Amino acid sequence: MDSTNRNTALASALVEELARCGARRAALAPGSRSTPVALALWRQPAIEVAVIVDERSAGYFALGAAQGDGRPAIVLCTSGTAAANLHPAVCEADQAGVPLVVLTADRPPELRGIGAGQTIDQLKLYGSAVRWFCEVGSHDADDVGLLHYRSVACRAYAAARGAPRPGPVHLNLAWRDPLGPEPRPEDVTASSPLALEGRGERPLTAVVSDAPLADEALVDELAARVSASPRGLVVAGRQLDETIAGPVAALAKRAGYPILAEPTSQLRLGGHDRELVVWPYDAIARLRPPALAPDLVVRLGDLPTSKALRQWLASLGGLRQVVVDPSFAWNEPSNQAETIVRAEPRSLAVGITDRLPGASGEWQAEWLEAGRRAAAATQAELEALEEPTEPGAHAALSRLYADGDLVYTASSMPIRDQEAFVPSAPAQVRFLCNRGANGIDGLVSAGIGAAAASGRPTWIVTGDLGLHHDMNGLAALRHANVPVRIVVLNNDGGGIFEFLPQAGQIERDEFEALLGTPLGLAPERVAAAYGVPHVRVDRLDRLPTAASPGTCLIEIPVDRRRNVEVHRRIADRVAESLGALHGA
Ligand SMILES: Cc1ncc(C[n+]2csc(CCOP(=O)(O)OP(=O)(O)O)c2C)c(N)n1
Ligand SMILES: [Mg+2]
């Protein structure tokens, strides 16, 4: 603890406890009012600090960092609109269940609401988006004050990590002058060793919790349900736990259930048994083949992004859905789940697998054959195309993803095309995204934060408007000491909107003005502004040589309207190849 003055003592006690709880990373934006905490973070050897000027970017960087190393990340800013700029990342962290400790500096109560500078109402600023808000208070550095700061830090860390659901917490910290480390040793009046030093290596209060284990009766009952439903599917959407892949694959095998896995489920690619992974399920679901309609779905993670899959499952009247969600979210946009299971998924999968007799294999064979045909039809169509296309780009990129890589993918078309066109493969790749609140506003920062915290070579795959939205994020590249390859699918505007009914309902000039919004962005100039090498790839077969092994911005020029056409042609080709299978 730094006993230079009251503020240094309180701030360093808070940071000391966060470090003892396990915090290893902080993103902070500059400002005067936050100096006591900024200095404490900077001087705390266990915590690596990234200083990022733009608070929106710092918030997303911390969000990515928390996903990159699985620990709560700290983000700190000064008072005023700085704190409001953290709001997007807080919303994403809330809805995606990502642990963040948000520290906002504030003026003390006597300086609020009287026209003092840089002061807004920061109390409960993020509303219901945070797991816990605390107005920490302006204490003296006495026993009561220091113990409170230490205790608040432990509680904040625990609440962010998950009690029971991970997410953001917000501590509002008011500081009176002096904000810098001006010596006032008489300020520190605490005498209790616990208040002054805490517990040494260990946090003042360690909060011990774990996802609940399913009891035997529940496992029996779920296993009976799976046994009674030979036409079942495992459906896996975004989730962060790579260790469930093996047990879930084993469950699927014993049950005879195909696995429809979005890349962000961490189940589509990897070293686990992927024999039952059917990756082109988006193309299959568009056709709604009656022979492949399931009667039971066991779902892990979010519902996959594919609208075709969501709509097909929702249309199946008799379908029973079991959602495994240990984090106590209500992650059930279909409103049709029969059961939500609050239990640790690995041991649940093992328990169910052990109780299953084994399956006949006919059902899975039909699904696997459909998957093979859809994959072959997709590939044939992509190979026939000369120019780069968005589906082709994702397929080509996936061939470059190597063991240990991290791929952070933007909302809008990139996340959808990744889901539809990245084949299952053995490379051990971690897929992240901002699909809690689906914003396009912080992808570059989040990707770089994930790269910095994970130490994995990283691919950030974004649209051109996504790059535009977060080009400030490129400034954070200096905090990543691994290669970060930023792939920009440049279709000059919002390509996703071309797929909307509005595209056919309004005049083209209205569409371009209101939705297409071409900016004529020149990625090479954006890259140059931040000193990042830029390469444009006009033919996908040049991608492997163009993608340098180091940090770079790779621009792939594509066409929005042509993209719609390519998607339709692939869908038609898959329909033909599956039609033959199902006699349509
Ligand atoms: C912060 C935020 N603002 C607006 C939107 C609405 N929105 C969704 S997709 C999109 C266009 C994205 O364009 P781009 O990044 O180029 O990707 P593309 O659609 O071309 O694949 C917009 C504006 C959003 N999701 N998030
Ligand atoms: Mg675009």
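Look a little higher up for the structure.
Every residue gets a number counted from 1 within its own chain, in the order that chain's sequence is written. As they are written, the chains are lettered A onward and the ligands numbered 1 onward, keeping that order. Per-residue local features of the predicted model are confined to residues with pLDDT of at least 70, and side-chain atom pairs are confined, for both listing and counting, to 80 or more; whole-chain, interface and lining totals are unaffected and use all residues. To obtain the side-chain values, all non-hydrogen atoms of the structure were included, while hydrogens and water were left out.

A.B. asks: Explain the coordination of the magnesium ion (ligand 2) residue by residue, including any values.
C.D. replies: All of the protein donors around the magnesium ion (ligand 2) are Asp464 (OD), Asn491 (OD1) and Gly493 (O); their distances to the metal are 2.0 to 2.1 Å. Sequence spacing of the donor residues for the magnesium ion (ligand 2), all on one chain, is D-x26-N-x1-G. Here asparagine 491 matches glycine 493 in class, with each residue buried. In this listing, donors mean N, O and S atoms no farther than 2.8 Å from the metal, or 3.2 Å for Na, K and Ca; water is missing from the atoms, so a site can look incomplete. For every residue, the accessible area obtained with a 1.4 Å probe (protein chains only) is divided by the maximum for its type, and the residue is called buried under 20%, exposed over 50%, and partly exposed between those limits.

A.B. asks: Any chance you could break down the packing of aromatic side chains for me, citing the residues and the numbers?
C.D. replies: In this analysis, rings of Phe, Tyr and Trp, with Trp reduced to its six-membered ring, are considered paired at centre separations within 6.5 Å, and the interplanar angle assigns stacked below 30 degrees, edge-to-face beyond 60, and tilted for intermediate values. Inspection of the entire model under this criterion finds 5 aromatic pairs. Geometrically, the ring pair formed by tyrosine 149 and tryptophan 175 is tilted, given 6.0 Å between the ring centres and 55 degrees between the ring planes. Linking tyrosine 149 in helix H6 (residues 143-162) with tryptophan 175 in the loop between strand S6 (168-174) and helix H7 (193-197), this pair joins segments that are 26 residues apart in sequence. The class of tyrosine 149 is buried, set by a relative accessible area of 0%. On the accessibility criterion, tryptophan 175 (0% relative accessible area) is buried. An aromatic cluster is present here, built from Trp312, Trp363 and Trp367 joined pairwise through their rings. A run of DSSP states H or I qualifies as a helix once it reaches four residues; a run of E qualifies as a strand once it reaches two. Both are numbered from the N-terminal end.

A.B. asks: Could you give me a rundown of the side chain of serine 411, with the residues and numbers involved?
C.D. replies: Along the polypeptide, serine 411 turns up in the loop between strand S12 (406-409) and helix H15 (413-421). Overall, the relative accessible area of 5% leaves serine 411 in the buried class. Residues adjacent in sequence count toward polar contacts only when both atoms are side-chain atoms; beyond that, a polar contact is any pair of N or O atoms within 3.5 Å, and within protein one must be able to donate a hydrogen and the other to accept it. At a separation of 3.3 Å, a polar atom in the side chain of serine 411 contacts the main-chain carbonyl oxygen of asparagine 434. In terms of polar contacts, serine 411 uses its side chain to reach the side chain of arginine 435, at 3.2 Å. Here, two residues are considered to be in contact whenever any of their heavy atoms come within 4.5 Å of each other. Non-local contacts of serine 411, meaning those with residues more than four positions away in its chain, are made with Asn434, Arg435, Asn438, Gly439 and Ile440.

A.B. asks: Break down the site of ligand 1 for me, citing the residues and quoting the values.
C.D. replies: Summary of the distance rule: residues count as near a molecule or strand when at least one heavy atom falls within 4 Å of that molecule or strand. The environment of ligand 1 is made up of 18 residues, and the closest members are Ser412, Asp464, Gly466, Asn491 and Gly495. Contact distances for ligand 1 include 2.8 Å between an oxygen atom and a backbone N or O atom of glycine 466. Within the backbone of glycine 495, one N or O atom sits 2.7 Å away from an oxygen atom of ligand 1. Surface accessibility in these figures is a Shrake-Rupley result with a 1.4 Å probe; residues are shielded only by whichever protein chains are displayed. In the complex, the protein chains occlude 75% of the 580 Å² of accessible area that ligand 1 would expose alone. A total of 4 residues in the shell around ligand 1 trace back to one element, the largest contributor, which is helix H17 (residues 464-469). Side-chain classes are defined by residue name, with Ala, Val, Leu, Ile, Met, Phe, Trp, Tyr, Cys and Pro counting as nonpolar, Asp, Glu, Lys and Arg as charged, and the others, Gly among them, as polar. Looking at the shell around ligand 1, its residues break down into 6 nonpolar, 10 polar and 2 charged.

A.B. asks: Break down the environment of alanine 285 for me, with residues and values.
C.D. replies: Looking at where alanine 285 falls in the secondary structure, it is placed in helix H10 (residues 281-287). The exposure class of alanine 285 is buried, given its relative accessible area of 1%. When the C-alpha atoms of alanine 285 and leucine 111 are compared, they prove to be 59 Å apart, with 174 residues separating the residues in sequence. Look past the residues within four positions of alanine 285 in its chain and what remains in contact with it is Ala308, Leu309 and Trp312.

A.B. asks: How would you explain helix H8 (residues 216-227) if you had to name every residue and give the values?
C.D. replies: An expected span of 1.5 Å times one less than the residue number is assigned to each helix. Here H8 spans 16 Å end to end across 12 residues, near enough to the 16 Å set by a 1.5 Å rise per residue. Listed as buried for H8 are Val219, Leu222, Ala223, Arg225 and Val226. For H8, the arc enclosing every buried residue in end-on projection is 155 degrees, short of the 170-degree limit, so these residues lie on one face. Residues of H8 that are exposed and angled more than 90 degrees away from the buried face: Glu216 and Ala217. Elements in contact with the buried residues of H8: helix H9 (245-255), strand S9 (296-300), strand S10 (320-324), strand S11 (339-341) and helix H12 (345-355). What the arc describes is the spread of directions from the helix axis to the C-beta atoms.

A.B. asks: Requested: an account of the sheet that holds strand S16 (residues 534-536), with residues and values cited.
C.D. replies: Spatially, the 6 strands line up as an open sheet ordered S13-S12-S14-S15-S17-S16, and their pairing is parallel. Two strands bound the open sheet, and with one partner strand each, they are strand S13 (430-433) and S16. Geometrically, the sheet is characterised by an average inter-axis angle of 20 degrees between neighbouring strands, direction not taken into account. Note: two strands are recorded as paired if DSSP finds a minimum of 2 bridges between them. As judged from the 6 bridges shared by strand S14 (residues 458-463) and strand S15 (residues 484-490), these two strands associate in the parallel manner. Along S15, the bridge assignment pairs threonine 458 with valine 484. All axes here are fitted lines through C-alpha atoms, helices being fitted over the stretch that makes contact, and every angle between N-to-C directions spans 0 to 180 degrees. Against the sheet, helix H3 (residues 55-69) touches S12 and S13, its axis set at about 155 degrees to S13.

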